[in-house]
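Structural overview
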Amino acid sequence: MENNLIPFDPDWDKVLEKLEADQAAGLELNAEEENLLKELQRIRTESGEALKAYHTFDTDNKWAEFKQQIAAEDTAKEKNHQPISLWLRISATAAAIFIIAGIGLVFQKTKQQHQQSVNVFLNDIPAGKQSATLTLDNGQKIVLSGAGNGQVSAESGIVISKSADGQLQYRVSAQDVHASSKIHTLSTGNGETYRLQLPDHTEIWLNSASSIKFPASFEGLKDRKVELKGEAYFEIAKNKKHPFIVKTEQQEIQVLGTHFNVNSDPDQGNTRTTLLEGSLRITNNAKKEQLIKPGEQSLVNGGADILVSPADLKSTMAWKNGYFRFNGARIDEVMLKISRWYDLEVTYQGPISKERFSGNISRNKNISEVLNMLSYSKAVKFKVEGRRLTVMQ
C-alpha cells in the first residue's frame, strides 16, 4: 500500500545560500543545480511579497479547508482506483499556503500535537558531520575532524592539507615518481561524509560508511586508478592521455572527464553507477562492457549482464546535495539511510510496515525531527533510547 507523506522540508535557505555562494565564487553549477537555484530564488521572492499579508492570514482555518479538500479528492480517486501522491498534490494545490506560512509552518501545531502522543525520545541525536579518517601509506591515521585547517601531512613531494570548508586537498610541491607508490585511504564511518581533491584536481564526495583508496600522486602512471567501497560522487578532471578508473568489487569504470555517482553499498548486493555528464564505460567481473550516457544508470549485480535504465537523478544526488529523498521506499529502506547518517542501531517491534514513503528531508535535522515527519503518516512510530531506534506500527 502506498502511503505518501506531506513534503519533507529540506533547509532550502541553506541550500540556496550554498548555491548562490558557489555561483558568486565562479564555480560551475550543473543543470540540476542551476534549475534548483532559479526555483529557490523565485520562491524567496514570492515569499517576501506574501509574508506582508501574513498577519491577516488565518492558517488554522485554511489548513482545515485544505484537509477537507484533500479528503474529497481522496474519495474521488479511490472510486476511480487512481493513486495520487499527497505531497505532489500539496505542492500543486497549496503552494500559496507554503509561501505565506513558510516551510512547514502550516503543519507545525497539528503535527506536534499528534507526534507527541506516538513517538518516544529519551534523548535526541544530531545530524551527521563532515569528518573522515585518512590512512597514510605508512599506516598513520589522521582523524580529520580533530585536525586543524592547513597542512596535515607531507611526503614524497605531496602536500596534504585541510581547507577551511572541510576539503582534503592534495598538492604537488615537487615531482617525485615515488609518490605514486604511496597508497592512501580516506574512509568515513556512520554519520560522516567528506570531500577530497586529488593532485589532478579531480573532486570526490564520499558518503557515510564508505572508503576510497588512491595513490598520493598519479605522476608516472598510465591510468589514474582508485578503489571505492560504498558510495561516492566524482567530478573527474579531464586528461585524455591518462584515463581515470574507478574500481569496485563488481566492476571497473573508465572515464576521460565526467560527473557521476557510484553506489557499491555491500548491503545492496549490487553496484549502481549514475551518469550526470560525459560518458562512461562499465566493465563487470565477467568482462562484459557497457557504455552509458548522461541521465542513465547501470546496474551490476554479479551476473553476466549490465542493466542500463533511465536514472532518477534527484534521488541519486540527494545525499550529496544535503537531503534524503524517498520515492515509494519501504520503511526498512528508509531506515537503512537514516541509521547510517545518525549512527543508529535499528530494531523492529512486530511486523515491518508494508507502507511506502515518498518525499524529501534535510540531512541537517536532529533525529527527532526526522522521525516526527515520518510518523506523521500514521504508518509507523518510533522510540529512541541512546543509539537504539525501535520502529513500531
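As the structure is a prediction and not an experimental result, all values here were calculated from the model. Every chain is numbered independently, its residues counted from 1 as its sequence is written. Since the coordinates come from a predicted model, pLDDT governs what is reported: local features require at least 70, and pairs of side-chain atoms require 80 or more to be given and counted, while whole-chain, interface and lining totals use all residues. Derived side-chain values reflect all non-hydrogen atoms in the structure, with water molecules and hydrogen atoms excluded from consideration.

Tallying secondary structure elements over the chain gives nine helices and 25 strands in all. Within the chain, the fraction of its 393 residues that count as buried is 47%. A sequence separation of at least 24 residues applies to 55% of the contacts in the chain between residues at least 6 apart. Surface accessibility follows the Shrake-Rupley procedure with a 1.4 Å probe radius. Residue values consider only the protein chains on display as shielding. A total of about 19,800 Å² of accessible surface is found on the chain, and carbon and sulfur atoms cover 49% of it. Where helices and strands are cited, they refer to DSSP runs of H or I of at least four residues and of E of at least two residues respectively, numbered from the N terminus. Note on exposure labels: buried denotes an accessible area under 20% of the residue type's maximum, exposed denotes more than 50%, and partly exposed covers the range between, all computed with a 1.4 Å probe on protein chains only. Any two residues having at least one pair of non-hydrogen atoms within 4.5 Å are treated as being in contact.

Here the aromatic set is Phe, Tyr and Trp, taking the six-membered ring for Trp, and pairing holds for ring centres within 6.5 Å; pairs whose planes are under 30 degrees apart are stacked, those over 60 apart are edge-to-face, and all others are tilted. Tallied over the entire structure, the rule returns six aromatic pairs. By the ring-pair criterion, three or more aromatic residues cluster together here, those being Phe218, Phe234, Phe244 and Phe260. Whether a charge sits over a ring depends on NZ of Lys or CZ of Arg being within 6 Å of the ring centre and within 35 degrees of the ring normal. If you follow Arg363 out to its NZ or CZ, it ends over the ring of Phe324, 5.6 Å from the centre. The lysine or arginine in question, Arg363, covers the ring of Trp341, its NZ or CZ lying 3.9 Å from the ring centre.

Along helix H9 (residues 367–375), eight of the nine residues are buried, which leaves the element largely enclosed by surrounding structure. Residues Ile367, Ser368, Val370, Leu371, Asn372, Met373, Leu374 and Ser375 constitute the buried set of H9.

Structurally, Glu296 can be placed in strand S19 (residues 296–300). Here the side chain of Glu296 touches Lys293 through a polar contact of 2.8 Å, landing on its backbone nitrogen. Not counting chain neighbours up to four residues away, the residues in contact with Glu296 comprise Thr273, Thr274, Leu275, Leu291, Val308, Ser309 and Ala311. Here a polar contact is taken to be a pair of N or O atoms separated by no more than 3.5 Å, where protein atoms must pair a possible hydrogen donor with a possible acceptor and residues adjacent in sequence count only if both atoms sit in side chains.

On to the confidence of the model for the chain. Every residue carries a pLDDT, the predictor's confidence in it, which falls somewhere between 0 and 100. Across the chain, pLDDT averages 80, with 77% of residues at or above 70. The low-confidence segment residues 1–10, where pLDDT is below 50, has 50 contacts with residues more than four positions distant or belonging to other chains. Segment residues 79–117: pLDDT under 50, and 69 contacts once partners within four positions in sequence are set aside and those in other chains are kept.

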